[in-house]
Amino acid sequence: MKWRPIARKGAQVSVLAMLVAIPLLSMARIDFIQGTLCSFGTESWSVSCPLGVAQTSLASRTLDAGLLLSGFAFIALAFVAGRVFCSWICPQGFFSELGDKVHLAVRRVFKRPPPRPDTPAQYRRGQIFLYSFLGAGLVASFVFGVPVFCYICPIGLISRAIVGSTYLGTVGSELLVVAIILFVEVSFARRGWCKYICPVGALYGACTTKRSLTVVRDAHACVGCHTCERECSMGNSPVDDRVGRTCTNCGDCVDVCPEAALSQPLVQLGKKASAGVSPS
Amino acid sequence: MSFLFDRSGLLRPPGAADEADLVGSCIRCARCVEVRPYQSIRLGPITALRSYGTPFIDPLGSPCYLCMRCPEVCPTSALTVVPAVESAMGTARVIEESCYSWTGTVCNQCYRSCPLKGTAIDLDDLLQPVVTEACVGCGVCLHVCPTEPRSIHLVPRGETS
Amino acid sequence: MAWRPSRRDFVKGSSAALALVMVGCDCEGDDDDDGPARTVREIAEPNIEASSWHMSVCPYCGVGCGLDVGVADNRVVAVRGMEDHPVNRGEICLLGQNLLGILETDDRLLHPMRKGAGGMEQISWDQASDTVAERIRATIDEHGPDSFAMYVSASEYLEEYYVYNKFVKGCLGTNNLESSARLCWASGVVGLVKAFGGDSPPCAYEDFDHADLFFVAGYNLAESKPVIFRRMMRSRQRTQAPIIVVDPRVTDTASRADLHLQIKPGADVALHNAIAHVLIGEGLIDEGEARGLTDNFDELREHVTSFSPGAVADVTGLTAEEITRAAHMVGEAEAGLFMWGQGLNQSSIGTRKVTTLLNLVFITNNVGRPGAGPMAITGQGSAMGLREVGALPHLLPGFRKVTEEQDRAEIAEIWGVPPARIRPTPGKPISMILEGIERGEIKVLWIIHSNPAATFPDSTWARRVLEQTEFLIVQDAYHPTETTQLADLVLPGAQWAEKGGTLTNSERGLNLIEQAVQPPGEARPDLDIVMDVARRMGFRDEFAYENTEAIFEEYKRCTTGRACDITGVSYERLRRDRGIQWPVPTPDHPGTVRRFVDRDFPRGKVHLNLYEHQAPAEVPDDTYPLNLITGLVGMQYHSRTRTGKIPALARAVPEPFVDMHANDARVAGVADGDHVYVESRRGRVRARARVNETIRAGSVFMPYHFGSLSGPDQAVNALTIRAFDESAKQPEYKACAVRVVTT
């Protein structure tokens, strides 16, 4: 029984459960912790979304040591383990993966061919758009004096919708944006938000280095069945050694490889990733 | 594009930075919403434009009771810890034309309910309520006022009327 | 009234009047004046013009503000203070201003109902009245008349009390007629009787305009009697009369005092004796006058020698300087007005507290002069009236006593009943009525417009006893209340404005209340309900009245020659001379503003009562370390059967709160705003903690208005204790032991 899929789904569900539990516990007088994925913490420590830290620092034109420090936790995580936030923590990632299953089912129903991984050209175009969008948003935050991504970031929208409905009994329009994103993804842009638009993912992707956790292929064990690239919802192709910054280290390809040719070694000190393409 | 630079007109929690700084530095995390013991802070809806996701208080629904917990949990400089008397949220004003006590019905619930009783609202010699400079604009008086519409008007800081 | 000004006119007029005042309109030298012009604010349904106006009095507190009630299409559509009424001159308070909302609530009781297998079932009036008559007849036949009891509110009209009295004492032959004034002013009245020799509150509201000292003991006037409080403050603004307030809490009244004695709860006897000690010891009184007024001055002088300010500092929690200063202020006053409330009355030594305060009134000669005397303003609107009419277990109409043969004979003659029918021993107060039910001695209880299931102390016990009553009849305007819920039979009674009669307010003033609208559904005026049952039991001749006025005329005969003589009053006269104060022996007598001007006391002289301090029945200990004080808040009244349904009044106090001192909060681990549980040996209440400086360390305060209908763990009287004043049997709501916990 593979433990990783269970653990990963468990982690994603736990995050959603925590988002619901924190306001409910607070109402029951258990209030040592408050917050959402935009920022959470206790009296002694805080962990904040680094993109939020970046935007608000630019928007308010101030640097707050405490706030900057609170943004480091997820940055450090990205340095070490790549975009694991996206596959283990992010609630939008959770819904997006579910949406992807729906997308695949719809394709089968309508007898469409299975999706193909990104070509190098597609990957490059995607990355250019992704980081332009990130850059434009940071500039806009500085110019307009508000953290502009927070208006559309599904992580914040889902977090605040949960707080609104549990704590205040209100339902806002936030979830409309999330619904639109999921609809578009299911319809024609598989994991499109996560791959091409999400500035949070972009930021974590930019933190990955040669030494970060990634998928590595043992060329001798690999038989070229291409099962891994069919499994990957983010358009990567481990069989062709094309694992880029869109990889969220979900490990699904590793688990599905019939020859156990793929692995995610935790530490790659001093050596280049063997047969893996270093993120360009 | 003036709507991008509008003042929100919202009543902010105690210790709030100026409007421009607040909408820039607030990370929209909702920690101030969740902190106990009261549930007075709400988040601005999308129609609040620049104030979307930022904290505000609607005194008609639930006023601020000056427990001063919200700045303690704010991770940014949007809300700063200050003493209750320096909350600087706004100023209340008694609408004497409709206030019971000013028009022949002895009431004074605003005076009685004020968390800074005796200093922020006082009663004159004829037992009519008068708001002083010490008012921090928490809105409890507006909430309890028994007239319909209320006979207290709350002007958030930075606004003129 | 010919001219009915619009609201705008009034507001404009009031602004102009206020402006004039600011400019400095000088109204000195006018005895009748008490400050700047007030305004009359009308609350009305929008867009509906009243087609007729009726005289009325506010149904809430004992001040008795005059009201005009505007009616259209059998609905009350407007209420305003009666502009030229001597009590309030057009001013009313927040509660009176919100009377429009109490008549058309969702829970008006519209039909008689009987408890059946599936809950309350509607029955006809015939069935209901017959059932009541049969049950009363059966229990009297089988167990004797004392197995029946009637408990009525202290807000009924004189005619209603007269009918209840005649029915219970004159027809049924039991003296078990009790009223909720027992919970409110029993100690005060017994104190007045012990001191004066009779029940005759001597003062008038006019005295507020002439006093040069206000002594306010255990009384939160600002919230309980707002109109009178404003009158007092207006007067003080003019005369600079100082205010002394004695209260363990920093109430609104206390915060406007010149001297606030923040006394330890329960220590009033020691304080009063100490003030007497200073007054006598420092020669601040005229001993000759005191001896002439009282019959035992030297005994008092002897008694208070041990009560020096230093000696009582510990038990009162006050400094010797404060007590001495208070005594000096009392001694210097020419006309001192002394007021007290539940802080003194609602205690196991209430009578002691009241009489020792009255000692001070007497030795300073503060009787029978404008501005001087003991001002007893009752909590409910008819708590004075019911005493005159004798609606208490030991009384008969005209301040007569059931124990006096002559009194019984006189009343029996007027009632047309055999004198032997009226029992010579007093009936039971409510505490003993409930105990009597528990022991099986009392089988049938008829409650009229009162809610003891919410307001009696140790309310969990009270509810259990009421539920176990063999046959409980509850007559009320609303259902459910905590008490109607437990009834075997509920009868729909009329509410204020739906029935007519007369009321006596706390300055002995009579007022006529006109019936403005018909009661809704099948509800009927209360005396009609009782008289119907009485007739079905065979007492037709005794209740053959044409109308309410005929009842009043018969009652008048009971007062001729008595202290409360109202022979000179009639409905016609009350339409002109509103608020005329008894005694009024003849039709051209102008009424008696102040009593005992000629020192004509019932026993010749007044009596000084000598008492020691005694601790409350239940004091804090290690398990329950805090003292609980229950009391009112200004926006609510009693058990919220009316004010709880008006959003404007209910939103300020949506749930019970507990005021705590910061030290006690810290020890209990409680922060301001937390939901906590207050527990006593008898129950627990969930409340919102308010940590502030209005309460002494060691005590907590909770508003008493919440009963079991407000929600689980919301009945504040589940905490209080069944301890009663030794003479007056009034409950001790101001002292019991509690603890505050967070889980």
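What you see is a predicted model; the values in this text were computed from it and never measured. Just so you know, the residues in each chain are numbered from 1, in the order the chain's sequence is written. For this description, chains carry letters from A and ligands carry numbers from 1, given in the order in which they are written. Where totals are concerned, whole chains, interfaces and linings use all residues; where local detail is concerned, this predicted model gives features only for residues with pLDDT of at least 70, and gives and counts side-chain atom pairs only at 80 or more. Side-chain metrics in this entry use all non-hydrogen atoms of the structure; hydrogen atoms and water are not considered.

Next up on the list: the interface of chain B and chain A. Only heavy atoms matter for contacts: two residues are in contact if any of them lie within 4.5 Å across the pair. Chain B puts 33 residues into the contact, and the matching count from chain A is 39 residues. Values labelled buried area give the accessible surface lost by two parts on being combined, using a 1.4 Å probe and summing over both. Together chain B and chain A conceal approximately 2,800 Å² of surface at their shared face, both sides included; 56% is due to carbon and sulfur atoms. A pairing counts as a salt bridge when a side-chain nitrogen of Lys or Arg comes within 4 Å of a carboxyl oxygen of Asp or Glu. Where chain B meets chain A, there are 2 salt bridges. Of the charged contacts in the structure, one is a salt bridge between D31(A) and R36(B), with a shortest N-O distance of 3.5 Å. Within 3.5 Å is the distance limit for a polar contact, defined as a pair of N or O atoms, with the added protein rule that one can donate a hydrogen and the other accept it, and that residues adjacent in sequence qualify only through two side-chain atoms. The tally of links from chain B across to chain A stands at 14 residue pairs in polar contact (both at pLDDT 80 or more). In this text, helices come from DSSP runs of H or I with a minimum length of four residues, and strands from runs of E with a minimum of two, each type numbered from the N-terminal end. Secondary-structure elements contributing two or more residues to the side of chain B that touches chain A are α1 (19-25), α2 (31-34) and β1 (41-43) of chain B. The leading source of residues in the side of chain B that touches chain A is α1(B), at 5 residues. For this scheme, ten residues count as nonpolar: Ala, Val, Leu, Ile, Met, Phe, Trp, Tyr, Cys and Pro. Four count as charged, namely Asp, Glu, Lys and Arg, and the remainder, Gly too, count as polar. Of the residues in the side of chain B that touches chain A, the class split is 18 nonpolar, 7 polar and 8 charged.

All names here are of chain C. Counted residue by residue, strand β8 (residues 148-152) has 5 buried out of 5 residues, so it is predominantly covered. In β8, alternate side chains face the same way, and those of F148, M150 and V152 on one face and A149 and Y151 on the other are all buried. Should DSSP find at least two bridges between two strands, the strands are taken to pair. Of the strand pairs in this sheet, β8 and strand β17 (residues 444-448) are connected by 5 bridges, and their pairing is parallel. Its bridge partner lying in β17, M150 is registered against W446. Of the pairings in the sheet, the one linking β8 to strand β9 (residues 177-179) comprises 3 bridges and is parallel in character. Paired with Y151 across the bridge in β9 is E178. In terms of handedness, the path from β8 via helix α4 (residues 158-172) over to β9 forms a crossover that is right-handed. Only protein chains enter the calculation, and the probe is 1.4 Å; a residue is then buried if its accessible area is under 20% of its type maximum, exposed if over 50%, and partly exposed in between. We call a crossover right-handed when, viewed with both strands directed away from the observer, the connection leading from the first strand over the helix to the second proceeds clockwise.

Many analyses report the size of an interface as the accessible area lost when the parts associate. Residues and elements named next belong to chain B. All the domain ranges listed were derived from an automatic or database domain assignment. Partitioning chain B into domains gives domain 1 (2-84) and domain 2 (87-156). The distance between the C-alpha centroids of domain 1 and domain 2 comes to 23 Å. Of the residues lining the interface, 20 residues belong to domain 1; the matching set on domain 2 comes to 14 residues. In total, domain 1 and domain 2 occlude about 1,200 Å² of area from one another, counting both sides; carbon and sulfur atoms represent 69% of this. Sorting the residues of domain 1 by area buried against domain 2 places L11, L60 and L66 first, and these three jointly supply 40% of that buried surface.

Another point: helix α15 (residues 350-363) of chain C. A helix's residues, less one, multiplied by 1.5 Å, set its expected span. Over its 14 residues, α15(C) runs 20 Å from end to end, which matches the ideal 20 Å to within 8%, given 1.5 Å per residue. Positive backbone phi, approximately 60 degrees, marks N365(C), located one or two places after α15(C).

Glancing now at the packing of aromatic side chains. What counts as a ring pair is set by centres within 6.5 Å for rings of Phe, Tyr and Trp (its six-membered ring), and what kind of pair is set by the plane angle: stacked under 30 degrees, edge-to-face over 60, tilted for all other angles. Going through the model one piece at a time under the given rule, you end up with 26 aromatic pairs over all chains. For the pair Y151(A) and Y52(B), a centre-to-centre distance of 5.2 Å together with 40 degrees between the ring planes defines the contact as tilted. Here Y151(A), found in the loop between α6 (120-144) and α7 (154-168), pairs with Y52(B), found in the loop between β1 and β2 (55-57), and the two come from separate chains. The burial state of Y151(A) is the same as that of Y52(B); both residues are buried. Ring geometry for F167(C) and W446(C): centres 6.3 Å apart, planes at 80 degrees, overall edge-to-face. On the criterion of sequence distance, the pair formed by F167(C) in helix α4 and W446(C) in strand β17 is long-range, its members being 279 residues apart. Owing to a relative accessible area of 0%, W446(C) belongs among the buried residues under this scheme. A positively charged side chain is recorded as over a ring if its NZ (Lys) or CZ (Arg) lies within 6 Å of the ring centre. The angle to the ring normal must also be within 35 degrees. A cation sits over an aromatic face here: R108(C) above Y478(C), 5.7 Å from the ring centre. Lying across the ring of Y677(C), R684(C) places its NZ or CZ 3.9 Å from the centre.

With the rule as written, the count across this model stands at 63 salt bridges over all chains. Notably, a salt bridge pairs K353(C) with D268(C), separated by 3.5 Å at the nearest N-O pair. Here the residue K353(C) occupies a position in helix α15, and D268(C) occupies one in helix α9 (residues 268-281), the gap between them amounting to 85 residues. On the basis of relative accessible area, D268(C) is assigned to the buried category, the value being 5%. A salt bridge links D577(C) to R573(C), with the shortest nitrogen-to-oxygen separation between them at 2.8 Å. Judged by relative accessible area, R573(C) falls into the buried class, the value being 8%. Among the charged side chains, a network of salt bridges with common partners joins D31(A), R36(B), R69(B), E72(B) and D674(C).

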